Structure formats: C-alpha cells, structure tokens
Amino acid sequence: MSGAGEKQVVRLTVNGEDHELLVRPHATVLELLREDLRLTGTKHGCELGECGACTVLVDGQAQLSCLLLPGQVDGACLTTIEGLADGPVLHPLQRAFAALGGLQCGYCTPGMLLAAKALLDTNPTPSRQQIKEALAGNLCRCTGYAAIVDAVEAAALGAVEAAAQDAVEAAALGAVEAAARTPR
Amino acid sequence: MLRLPPFSFLRARDVAEAAGLLAEHGDQAMLVAGGTDLVPKMKRGQLTPTLLVGVGHLAELGHVSASDRGVEIGAGVTLARVAADARLGAAYPGYVQAAASVSSPALRNAGTIGGNLCVDTRCNYYDMSFEWRQALGFCMKKDGDVCRVAPASTYCRAIASSDTAPVAIALGATVVLVGPGGQRRELAAADLYQDDGRCYLTKQPGEVVESLRLPPPGGWRSAYVKVRRRHAIDFPLGGAAVALATTGPIIEACRIVLTAVGPRPLDVSAAAEPLVGRPLAEVLGGDVGLLAEVAAAAVKPAKPLDNADLHYVWRKQMTRRAVEQAIRQAARQPAPHGAPAATFGADAAGGAKRG
C-alpha cells in the first residue's frame, strides 16, 4: 500500500475533454476542478454537503463535488458549469435564469443550473413541486427561490422569451399601478 | 478551503478484499461508498482514518433482486435508486419514504442504503469543527472521556440518525455481513445496533454490510414520518416507522420503531398492543383517543437529550405526533397483495400481534 497522501492517477472526462491527472487522494473533486483544472465556475460554499453550491454532474447525476474523492470518480464523465453552454450559445436554463432574474449574487447559480439540468434531462416536463424537490439541496440566500423555479419551468416549457416578456410587462404594470396609488 | 487530511485510497476488487483490508488495518481503515457522511466528518476531524477502501463501484453491492423470500438490496444501491423504484414503493412504502427523506437529491445520488444503515450517530457536542471541540474540551465519542450532554453518563448519548434503519427493523428485515475470509452471516436489522453512541454497531470492525433483506411484504403496510426543521438536507430530530398487518379490516399486528431519540433505533412495538384486534376504521375514522394513547405509550421510553437541533421536549412531542401520523398513513394505504402476515416474518422482529 502506498503511503498516506501519495498521489494517484485518475482518469476523467470533464465537459467532454479527457484528462489523466496525478492527484492527491485526499483532494476533493471540488479542489481538483478548481485548482488542478482551473474550472473555477464550480463554487465552494459550506464544503460539508449542506448547500449545493459545488454541484456538478457525475455521469449525468447531480452530486456534490466537495464530498467526492478522486478515487470515487475514476473513469467518470463530469459536467461542470463551464460545460453547459454550447460555445457562445447559452443553455436554455442559463437564458431562463438571466431573463427571469433567477439569480442575484450568482454564487449558488452554477449549482442550481446543474441540479436543474439533471432534473430536465430525466424529466423534461416537471411540475413546480418536482422542480422544488429537485433543487431542495441547493440553498440561495438572495432570490427567495420563486424566480429560480419560474426560470426552470420556463426553460422546461421552451418559453423563456415569452415568460421574460410577461415578467417585464407584469413589472411595468406593477410600477404603473404603484405610481397611480401614490398621492400627487 | 476546508481540506481533508492526507490518507490513502484503495478501490477494493471485491467485498471480501474490502473486509480483509478493514481487518488488516483495524481502526486506521474505513469503507467509503458514497462518502456523504464520512467526508464531512473527516474534514472536521471527527473520523481520522489513514486508509479509505472504496466499495461504491462494486457490482456485487449494486443489485436489487426479488424472490419468494422477499427482496434483497445490495448495500451499494443508492438512496436515489431506492426512492425511484416503483416496485419497492408498492411493496415497502415506508422503506422507500425513508430513503427519499434522507438529505437532498444530490446526496441521495451518492449515498447508499448500506451507508445509511451504518450512518454515524450525531450530537451537538460532536458534530462540530475540531477547533470548537478542542476549545470546549473533547467528549467521549472522540478524543475525550466525558459525555458533554450528560456528564454523569457512562456511555455516549449521541443519537441514531438513520432514516432507513427504523423502517428496516419495523419490517423485520435482516442484514448480511461479510467477514475478512469471505464468510457471511445474517442478523436481524435490530441486532445491528446497540445502545452506545460511540460503538453503536454490533458488526465487527472487519465486517462489511453486503445487503439488506426485506421479507415478503405480504399483508404489511408501512410508513415513515420524520421530524426535522426543513423538508430537505436535515438529519432526523425524531421519527417513527410503523409496519401494520391486517386481515380483512382487522389489525393483526403493529410494530413501531423510533429514530433519533437515543443511540439506537428504539423498538416500542409493545405500545401498539391496544390496536391489535381493532378495525382499521377505528384508527382512520376518528377514535382519536385510541391513537393518542398508543402514540403516548410509544414515546414514553424515549429519552431525547438536549444534543440535537431544536428543543428536546419539543422533539419528543413531535415524535409522538410522528407516531400518530405514521399509523394513520399506514392504515390509509391500500391493502397490500401477497401472502398473509405470518409469512412476512412477524416473529422475526416481535411486535404487538394478535393472539
């Protein structure tokens, strides 16, 4: 048996690109992605499996990279937030989050998007309840979640632009109504 | 960044090799399948192995197979897979409810049923960073010699935190263990646990949980109700598993097992005695007194302490509610198909039963 901490070879496919890496067995996949591969889109939050900020897809399933060891993912295909867009063309979920305000500070967004992608890949037409359940492990301290669920729903329906237009109109109407209520 | 201390990682070739490595390296070695409980605890210095033996990839731990003896689930099957299995859901609704209630979707994609059976006991004085525990003074669960929540206690009072274990016990399930020489032994799920939060499992250090065997569902309804702050992520702060057997409209037997009220799942089936021989309609139809009486008796032996989230008195009150809800949920389920209750292993786990 090799000594504790001695590096080991791990083979991975990350966002379609094959890698053979010499890594410390005690470096989590989160560290490997951010520090070895410089894919800093995957965020470190609690690092204890409680917030979902570090969510990546492992063979299509949402998993938390802060708790994954390189030895557990040897031979696996990973998708990180950097692999979501198709070149300059954003993924429908990304467009929906941007159009519908499904983010504010943006720190939870990579994890949210990947958890949402895992859902839509297996269930293209989820109910709002199913969306909430799929995102139940991803914490957001800014949005209050409603806009995130709206965005995933709009992306699933393929109606991002229409939903965004509705949101803009609703906001404008709200502003008009508020102005009308304001005493002159 | 919160980093792990150095260790070695070996992917076991098979279960027997994993057991052999555990036996060879003693308390320096631990198994890792999903790692969702182990890795955070290693980051906080609660668990300090220098060798991790990977078993999550082993095909021999990844099966779900049914026979006339019931259903066997490999210990490496993920909680997500159990939660999504319609066949299991129809036969063992309580077990599937419990698997689906563990943590969050991403953790259920990694966490396994074997891992959840063996999940570490939890305590507010233990599930803290190394620095926090060092500042207060360590407890007997790790590095110290006193229980911080009950200083006069001679044993560790960290609480059983498995969601699936109480249902497995209520259903009369058994666990198959593999030793270092490849030898197997099968024991009742209830006998996997003992009343000490530090040494809470009875399995030997060199043994690996290979599978869980659920007896044929014949006639048994089951339900699990979990007490927690949020509907996701949280460990149980209390909880009740109920298995209910009927013949026609009459309740034949009822088992109740509590979780998160002490160091091991607490079988309180004797409290269900008043239900035996009564029509289901009485449970569903509003004999509120009967259900309240059973639930009150069920939580009477539970002695939760102030070592988990939320107040311990509230936890006990809510566990009583969980018992009531779980009985109601089980009673509302459609009558399961299959053999009569007796073939389900009613004698294996005891419990209140007719005649």
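Residues numbered from 1 in each chain as written. Chains lettered and ligands numbered in written order. Predicted model: local features only at pLDDT ≥ 70, side-chain atom pairs only at ≥ 80, totals over all residues.

Caption draft 1: Summary view of the overall build of chain A. Tallying secondary structure elements over chain A gives six helices and five strands in all. Listing every helix and strand of chain A by position from the N terminus yields β-β-α-β-β-β-α-α-α-α-α. Each principal axis of the C-alpha distribution contributes one length, and for chain A these read about 80 × 30 × 30 Å. Counting the 184 residues in chain A, one finds 45% classified as buried. In chain A, the proportion of contacts linking residues at least 24 apart, taken out of those at least 6 apart, comes to 58%. (Helix = DSSP H or I, 4+ residues; strand = E, 2+ residues; numbered from the N terminus. Buried ≥ 20, exposed ≤ 12 C-beta atoms within 10 Å, placed from the backbone. Contact = placed C-beta atoms within 7 Å.)

Caption draft 2: Here's a closer look at the nonpolar core. Formed by 165 residues in total, the largest nonpolar core has its most connected members in Val53, Val242 and Ala326 of chain B. Setting aside residues no more than four positions away along its own chain, valine 242 of chain B makes contact with Gly94, Ala170, Ser222, Ala223, Cys254, Ile256, Ala326, Ile327 and Ala330 of chain B. (Core = buried A, V, L, I, M, F, W, Y, C linked by C-beta atoms within 7 Å.)

Caption draft 3: Spotlight on the domain arrangement of chain A. Residues and elements named next belong to chain A. Segmentation of chain A into domains returns domain 1 (8–83) and domain 2 (92–181). Averaged C-alpha coordinates put domain 1 and domain 2 at centres separated by 26 Å. Taken together, the contacts link 15 residues of domain 1 with 13 residues of domain 2. Of all elements in the fold, only strand 3 (55–58) and strand 4 (61–64) reach the threshold of two or more residues within the side of domain 1 that touches domain 2. (Domains from an automatic or database assignment.)

Caption draft 4: Fine view of helix 5 (residues 146–157) of chain A. All names here are of chain A. Between its terminal C-alpha atoms helix 5 stretches 16 Å, which fits the 16 Å expected from twelve residues at 1.5 Å a residue. Those residues of helix 5 not exposed but buried are Ile148, Val149, Asp150, Ala151, Val152, Ala154, Ala155 and Ala156. Contacts made by the buried residues of helix 5 are with helix 2 (92–100), helix 3 (109–122), helix 4 (128–134) and helix 6 (160–181). Trailing helix 5 by a residue or two, glycine 158 shows a phi angle of about 65 degrees, which is positive. (Expected span 1.5 Å × (residues − 1).)

Caption draft 5: Representation of the interface of chain B and chain A. Each partner contributes residues to the interface: chain B has 30 residues there, and chain A has 30 residues. Top element by residues in the side of chain B that touches chain A is helix 6 (residues 105–110) of chain B. It accounts for five residues. Of the residues assigned to the side of chain B that touches chain A, the class counts are 18 nonpolar, ten polar and two charged. (Nonpolar A, V, L, I, M, F, W, Y, C, P; charged D, E, K, R; others polar.)

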